[in-house]
Amino acid sequence: MEICVIGAGYVGLVTSLGFAKLGNNVICVDIDINKVVSLNNGIPSIYEEGLEDMLIECLEKKNITFSNNIIEGIEKSNVIFIAVGTPEKNDWDIDMSQVYEVISQISNNILNYRLIVIKSTVPIGTQKKVNKIFLENGVSVDSFDIVSNPEFLREGRALHDFFNGDRIIIGCDSLRAKKIMKELYEPFTCEIIYTSPETAELTKYASNAFLASKISFINEIANLCNKVGADIETVAYAMGLDERISPKFLRAGIGYGGSCFPKDTKALVKIGDKHGIDFKIVRGAIEVNEKQRFIPIRILLNKYGSLEKKIITILGLSFKPKTDDIRDSPSLTIIEELIKNNANIKCYDPIAIDKVRNIYSNIMYCYNLYDAIENSDCIIICTEWDEFNSLNLGKIKDSMNYPMIIDGRNMLDGKKVREKGIEYYSIGKSN
Ligand code: NAD
C-alpha cells in the first residue's frame, strides 16, 4: 500500500519503518526539517534498538522517504496515519493542537478517497469530531473514512512491539475502512479487535491508567515494607505467581515517567470529570507517583540535613532503560530538587545525556560512569540500565567521598553492596 505517516516521533517513525519493512511504500512527514534531513541520510532522530539498521535497510530498498511536505504525503498515499504529539496541558487536559492542525491540512487537500488513521492517543469522541470537521470543510462523504487505531508500543522495545503486539484495536464505523485496515494488518498474527471508535479510543487510556495504577499500588506496598521491615521483592514475586495478578508491572521504585503514563492518567481523570465520573483510583495512582520521586531527596535530607555543596551522582536519566526519552523522567524532578537544595550534581546516562544537557547548564555531565561517581556523597540510581547491574563496588567505595547508594530501581543486591561498606537504601527491599 501507499502509506503516509504524519509525525516522525517515537510512534510515527516506528510505524513508518514497520510498514515499510513489510513491503509498503511509506512517506513519513514531519514539520521538523532537521529530523527529515537526518532521517533521509539514515541517521535516526531517536534511540531505539534495531532502528538504525531498519532505517538504512528501508532507505536502500526505497520503501521509505521522509518529507516536510504534507501535501505531497496526502497526494501520494491511500492511507494516512496521524502520529503527532498530544501532550499534556497545564490543567491535565490534552493539547490537541498538533492533531487538529494536521486534520485541517488533510481536509483542505484531499482530492480522492483517503483513509485517515488516528494513531495518536486522543480523547474519546475525537474520531467523530474529526469526521464532522471533514464534512464541514466540504469533503464529500465518499472521499474519506476516519479510523481510530491507538498505539500500544513500549519505548525501548518499540520495533519488537510493532511486529509482536499483544493486540491491534481498530475503531471504525465503515465497512470500506475495515476492509482496508484488514488488508494492511494482514501480516500480523495477534488478535485484531474491530470495534467502535469510542471503544478503541477509551481502551488506550484504560490500559495505560491500569498499568500506572499497578505501579503505584506496588510502590505504596513498598513504602509500607520500608516501615514494617517486610521485603517488597518477595511480596511482589509471591503476588505475581497468582495468574490473576501476573508478575508484570510489579516492580517498586521511584515511579513511572515518560510521555504516556503521566499525561494519559491525568487526561483520563479530566475526561471522567467532564462526564461526571470521578476516577478515584487513577487520581490516587497519580498522587502516589508524584510523591514517589521525592523519596531519594527525603533520604538525603535525613542523612545530611543540608545538601549544600554535597556532590550527588545521578545514574540514569531516561525515564526507562533502552530509550533516550527523558520526557517526565523522575530523574529530572530529582535534579530540580537537588538544584533547589544547592547540591552539586554529576550525572551519567549511556544514551540520554545529551538530551538533558539541553535543559540544565549548571550540572556536570559525565560520559564515563566512574567519572560521575568520583568524590560523590551519594549515588541515586534513577534508571535500571543493564550496565548498572555490574557496578564495580570496590572502585565505587574507594572513589566516593561518602559511600552511599539510593537504589531508586531496586536493581542491586543490597547485601553485597553493604558488605563492601557502602550504605544502601532501596524502595522496600529488606536487604
Ligand atoms: P513525538 O513528540 O515523539 O512525535 C511527534 C512528532 O510529530 C514530532 O516529530 C513533531 O515534529 C511532529 N509534528 C508535530 N506537528 C506536526 C505537523 N503539523 N505535521 C507534521 N509533523 C508534526 O510523539 P510520540 O511519542 O511519537 O507520540 C505520538 C502520539 O502517540 C501521542 O499521542 C502519544 O500519546 C502516542 N503514543 C506514544 C507512545 C510512546 O511510547 N511514545 C506510545 C503509544 C502512544
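Residues numbered from 1 in each chain as written. Predicted model: local features only at pLDDT ≥ 70, side-chain atom pairs only at ≥ 80, totals over all residues. Heavy atoms only, no water.

Turning to the nonpolar core, a few remarks are in order. A general feature of soluble globular proteins is that nonpolar side chains tend to end up buried together. Formed by 41 residues in total, the largest nonpolar core has its most connected members in Phe19, Phe66, Phe81 and Tyr185. Not counting residues within four places of it along the chain, the set of residues in contact with Phe66 comprises Leu13, Cys28, Val36, Leu39, Asn40, Leu55 and Leu59. (Core = buried A, V, L, I, M, F, W, Y, C linked by side-chain atoms within 4.5 Å. Buried < 20%, exposed > 50% of the residue type's maximum accessible area, 1.4 Å probe, protein only. Contact = heavy atoms within 4.5 Å.)

Moving on, we get to the site of the ligand. By nearness alone, 27 residues border the ligand, and Asp30, Lys35, Thr86, Glu155 and Lys263 come closest of all. Measuring from an oxygen atom of the ligand, one finds a backbone N or O atom of Thr121 at 2.9 Å. Here a nitrogen atom of the ligand sits 2.7 Å away from a polar atom, N or O, in the side chain of Glu155. When the free accessible area of the ligand is taken as 840 Å², the share hidden by the protein chains comes to 90%. Ranked by the residues each element gives to the shell around the ligand, the list is headed by helix 5 (residues 97-109), at three residues. For the shell around the ligand, the residue count by class is 11 nonpolar, eight polar and eight charged. Taken domain by domain, the makeup of the shell around the ligand includes at least three residues from each of domain 1 (2-195) and domain 2 (204-291). (Near = heavy atom within 4 Å. Polar contact = N/O pair within 3.5 Å; in protein donor to acceptor, adjacent residues only side chain to side chain. Areas by Shrake-Rupley, 256 points an atom, 1.4 Å probe, with all protein chains shown as cover. Helix = DSSP H or I, 4+ residues; strand = E, 2+ residues; numbered from the N terminus. Nonpolar A, V, L, I, M, F, W, Y, C, P; charged D, E, K, R; others polar. Domains from an automatic or database assignment.)

Two quantities define a packed helix pair, namely the angle between the helix axes and the distance between the axes. At their nearest, the axes of helix 9 (residues 197-228) and helix 11 (residues 261-274) sit 9 Å apart, and the two run at 115 degrees to each other. Crossing handedness for the pair helix 9 and helix 11: left-handed. Facing helix 9, whose interface residues are Leu202, Lys204, Tyr205, Asn208, Ala209, Leu211, Ala212 and Ile215, helix 11 presents Phe261, Asp264, Thr265, Ala267, Leu268 and Ile271. Within the contact of helix 9 with helix 11, the residues separate by chemical class into 10 nonpolar, two polar and two charged. (Axes fitted to C-alpha atoms, helices over the stretch in contact; angles between N-to-C directions. Left-handed = near helix turned anticlockwise from the far one by under 90°.)

Under the domain assignment, the protein is made up of domain 1 (2-195), domain 2 (204-291) and domain 3 (293-425). Placing a centre on the C-alpha atoms of domain 2 and another on those of domain 3 gives a separation of 24 Å. In this assembly, 16 residues from domain 2 lie in contact with 17 residues from domain 3. Both sides together, the interface formed by domain 2 and domain 3 hides about 1,300 Å², and carbon and sulfur atoms give 47% of it. Among the residues of domain 2 in contact with domain 3, Ile254, Gly258 and Lys291 are the three that bury the most area, contributing 42% of the side total. Between domain 2 and domain 3 we count zero salt bridges in total. Linking domain 2 with domain 3 are 10 residue pairs in polar contact (both at pLDDT 80 or more). The greatest single-element share of the side of domain 2 that touches domain 3, amounting to three residues, is contributed by helix 12 (residues 280-292). Residue classes in the side of domain 2 that touches domain 3 are distributed as five nonpolar, seven polar and four charged. (Buried area = accessible area lost by both parts, 1.4 Å probe. Salt bridge = Lys/Arg side-chain N within 4 Å of Asp/Glu carboxyl O.)

Turning our attention to the packing of helix 13 (residues 295-304) against helix 14 (residues 330-340). Contact pair helix 13 / helix 14: the axes reach a minimum separation of 9 Å and the direction vectors enclose 30 degrees. Taken as axis vectors, helix 13 and helix 14 run roughly parallel relative to one another. When helix 13 is examined against helix 14, the residues Pro296, Ile297 and Leu300 are found in contact with a partner set consisting of Ile334, Glu337 and Leu338. Of the residues belonging to the contact of helix 13 with helix 14, the class tally is five nonpolar, no polar and one charged. (Parallel < 35°, antiparallel > 145°, perpendicular 65-115°, else oblique.)

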